[in-house]
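Architecture and fold: a report
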Amino acid sequence: MSTWSLGSAASQIMSLIEDIPTAISGAILLDIVDRRRLYMESFTGQTIGSTGIAEQYQPALLYLSTADVLGFMNTFGVDGNSISLAEFSESKGGESNLMKSQEVYLKMGEDALKILGKGSRWQKVNG
């Protein structure tokens, strides 16, 4: 592996998830990844740039961003649990496969983030 940019992370997400709608892909996908990067900076107390993202941050960024994308896809209704043809409509109901996948990726991302550790917000003064 090598260092990533936001675009590299977005490309990885595009290869993991099939049929990402155009409403999410492109600049919106980059924004999703960037928001997670900022969240990771806040959590760890480390500076994680939008380019040159070190290998240690890549798993958490990928998993958390993928969970977000799956959540947005579920919001847009991009799931195989319903089908409609003209006036006929069939819905399976219950929890969608996107929501289940989102939970898995969110858990993996949180675990990867915990490994990085939480930064402290204090510093020693006078000594």
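Computed from a predicted structure; not experimentally measured.

Things to note about the packing of aromatic side chains
Inspection of every chain in the model, using the stated rule, returns two aromatic pairs. Considering the side-chain rings of Y39 and F43, the 6.4 Å spacing of their centres and the 35° angle between planes classify their relative orientation as tilted. Here Y39 pairs with F43, and both are found in helix α2 (residues 27-44), just four residues apart, close to one helical turn. Judged by centre distance (6.2 Å) and plane angle (45°), the rings of Y63 and Y105 are tilted. Placement of the pair is Y63 in helix α3 (residues 58-76) and Y105 in helix α4 (residues 97-116), with a sequence separation of 42 residues.

Thoughts on helix α1 (residues 6-16)
Turning to α1, its buried residues are L6, A9, A10 and I13. Within α1, the buried residues cover an arc of 100° as seen down the axis, which keeps them to one side. Those residues of α1 that are buried lie in contact with α2 and α3.

Side note on the pattern of salt bridges
For the coordinates displayed, the defined rule picks out four salt bridges. When the shortest N-O distance is used, the salt bridge between E41 and R37 registers 3.1 Å. Taken together, the positions of E41 and R37, both in helix α2 and four residues apart, correspond to about one turn of that helix. Owing to a relative accessible area of 9%, R37 belongs among the buried residues under this scheme. One salt bridge connects D111 with K107, and the closest N-O pair in it is separated by 2.9 Å. Highlighted residues: D111 and K107, both in helix α4, separated by four residues, approximately one helical turn.

Details of the packing of α1 against α3
Packing of α1 against α3 brings their axes to within 10 Å, and their N-to-C directions diverge by 55°. With respect to α3, the element α1 is oriented oblique. Between α1 and α3 the crossing geometry is right-handed. In this structure, α1 uses A9, Q12, I13 and L16 to contact α3, whose residues at the interface are L61, L62, S65, T66 and V69. Among the residues forming the contact of α1 with α3, the class breakdown is six nonpolar, three polar and no charged.

A closer look at the side chain of T66
Checked against the element boundaries, T66 lands in helix α3. Beyond its immediate chain neighbours, meaning those up to four positions away, T66 contacts I13, L16, I17 and Y105.

Some details on the environment of W4
Among the secondary structure elements, W4 is positioned in the segment before α1. For the pair W4 and I53, spaced 49 residues apart in sequence, the C-alpha to C-alpha distance is 4.8 Å. Excluding its chain neighbours within four sequence positions, the residues that come into contact with W4 are A9, Q12, T51, G52, I53, Q58 and L62. Of the polar contacts made by the side chain of W4, one reaches the side chain of Q58; its length is 3.5 Å.

So, the environment of V69
Checked against the element boundaries, V69 lands in helix α3. Residue classification places V69 among the buried residues on the basis of a relative accessible area of 0%. Separated by 41 residues in sequence, V69 and I28 place their C-alpha atoms 9.8 Å apart. Setting aside anything within four residues of it in sequence, one finds V69 in contact with I13, I17, I20, I24, L29 and I32.

Cut-offs used in this document
Residues numbered from 1 in each chain as written. Predicted model: local features only at pLDDT ≥ 70, side-chain atom pairs only at ≥ 80, totals over all residues. Heavy atoms only, no water. Phe/Tyr/Trp six-rings, centres within 6.5 Å; stacked < 30°, edge-to-face > 60°. Helix = DSSP H or I, 4+ residues; strand = E, 2+ residues; numbered from the N terminus. Buried < 20%, exposed > 50% of the residue type's maximum accessible area, 1.4 Å probe, protein only. Arc of directions from axis to C-beta. Contact = heavy atoms within 4.5 Å. Salt bridge = Lys/Arg side-chain N within 4 Å of Asp/Glu carboxyl O. Axes fitted to C-alpha atoms, helices over the stretch in contact; angles between N-to-C directions. Parallel < 35°, antiparallel > 145°, perpendicular 65-115°, else oblique. Left-handed = near helix turned anticlockwise from the far one by under 90°. Nonpolar A, V, L, I, M, F, W, Y, C, P; charged D, E, K, R; others polar. Polar contact = N/O pair within 3.5 Å; in protein donor to acceptor, adjacent residues only side chain to side chain.

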